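Structural overview for review
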Amino acid sequence: MKAAARLFTLLLLLSCGPKPPPKAPETDVSATLEMARARPAPERAQARFTIKLRSKPLELAGTTGGGLVVDRPGRLHIEIFGPLGSSLLKVTSDGEALGVLLPKEERQLLAPSADEALLEMSGGTLSLDDLAGVLLGDLPFDVAEVKASRVLEDGSHQLDLEAQGVSVQADLDPATGTPKHLVATDGDGVMMVEATYGPFTEIDGLLWPSEVKLFLPAVDLTTSLRFKGWKSVDEAPPVFDLTPPEGFLTEDLQEALKGLKPLED
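Cut-offs used in this document
Residues numbered from 1 in each chain as written. Predicted model: local features only at pLDDT ≥ 70, side-chain atom pairs only at ≥ 80, totals over all residues. Heavy atoms only, no water. pLDDT = per-residue confidence, 0-100. Helix = DSSP H or I, 4+ residues; strand = E, 2+ residues; numbered from the N terminus. Contact = heavy atoms within 4.5 Å. Polar contact = N/O pair within 3.5 Å; in protein donor to acceptor, adjacent residues only side chain to side chain. Buried < 20%, exposed > 50% of the residue type's maximum accessible area, 1.4 Å probe, protein only. Core = buried A, V, L, I, M, F, W, Y, C linked by side-chain atoms within 4.5 Å.

Now for the confidence of the model for the protein. For the protein, the mean per-residue pLDDT works out to 82, and 84% of the residues sit at or above 70. Across the protein, the secondary-structure element scoring lowest on mean pLDDT is helix α1 (residues 2-16), at 37, and the one scoring highest is strand β10 (residues 179-185), at 93. The low-confidence segment residues 1-25, where pLDDT is below 50, has zero contacts with residues more than four positions distant or belonging to other chains. For residues 261-265, every residue scores under 50 in pLDDT, and the model assigns this stretch eight contacts once sequence neighbours within four places are set aside.

Laid out in C-alpha cells, this is it:
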C-alpha cells in the first residue's frame, strides 16, 4: 500500500507539469509615466483626515482631525479641529487670495496672491494647484522633461523629471501609476518639498491616497495626513469665502512668514 501511495503521488506531481517561471517585473517605465499622467483625478473632492503636525518656526506640534475641500484649479479649503470639534485653523483660497484664519486669536492672515504665498513657503516649488494635486496624488508637471529613469529593487519605477528649473524625482507604482514618493529640488540640488504616500484605495472608480506625508524645509513643517474618507462632489460646498468674522484683525500673511526661519542643523 505504501508503494502504491508513493506511485500515486509521483504520477500526480508529473501530471502537474513544470511550474511556470515567475512573472518578470514590469520594466517599461515610460508606460508607467503615461499611466500616471492619464490617471483621472477629480476636480472637486471632499475628505476627512487625521493630521499630525510639527514645526518649531510655526509653533505647531500635535495630532488632531480635520477636513479638506478641493475645487481645482484654484480653490482649496483645509480646516483643523480641536479636541472638542471647535475650529483651530482654517486655510482657504478662493482662487486668487489665500487666508489663514485663527479663530482663538481672532486673527486672519491674508495674502492677495495664493500662488505667491505658497511659492514663498515651499521655496519656489508649489503653486496652489500643485498643492491640491499633491494631496490628491496627482503627479505634478505634466509637461516635464524626463531626464532619466530606472527600476528600483522593490519594483517601483523611478523617474527624474525637470520643469521650470525644478527637478522632481518620482517613485511610481507600475501597477497603478500612483506616486509612492516625490522629492522636488532646486537648481543647486537643495530639497524644497518632499511627499510620501501610503497605499491608494479605489472609490467610485478613482484611486485615492490613504495617507500623504509632506515636508516643507522652508518652514521646517512636517505634516502627515491620514484620510478617513474621500468622495467626489458635483458642486463644492460654500467654504471659500475669505471675509473674516466681525471683530477679527486682518494681517499680511507674507509679512508674517518673513520672520520664520527653518531649524539649523
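On we go from here.
Mapping T178 onto the fold places it in the loop between β9 (166-172) and β10. Polar contacts involving the side chain of T178 include one to the side chain of T176, which spans 2.7 Å. Leave out the neighbours within four places in its chain, and T178 touches R39, D171, L172, D173, F200 and L207.

A separate point is unusual backbone geometry. Of the consecutive residues R72 and P73, the connecting peptide bond is found in the cis state with omega at 15 degrees. Assignment of secondary structure puts P73 in the loop between β2 (60-71) and β3 (75-81). With a phi angle near 50 degrees, E106 is a residue other than glycine that sits in the positive phi range. Tracing the sequence through the fold places E106 in the loop between β5 (98-102) and β6 (107-111). For E106, a relative accessible area of 45% puts it in the partly exposed group. We note that D204 has phi near 55 degrees; this positive angle belongs to a residue other than glycine. Here D204 is to be found in the loop between β12 (200-203) and β13 (206-209). Judged by relative accessible area, which is 72%, D204 ranks as exposed.

A few words on the nonpolar core. The biggest cluster of nonpolar side chains holds 55 residues, and the ones touching the most others in it are F49, L68, F227 and W230. Here the element with the most residues in this core is helix α4 (residues 128-136); it accounts for six residues. In this structure, W230 is in contact with A45, Q46, A47, L68, L135, L136, I203, W208 and P209, ignoring residues within four places of it in sequence.

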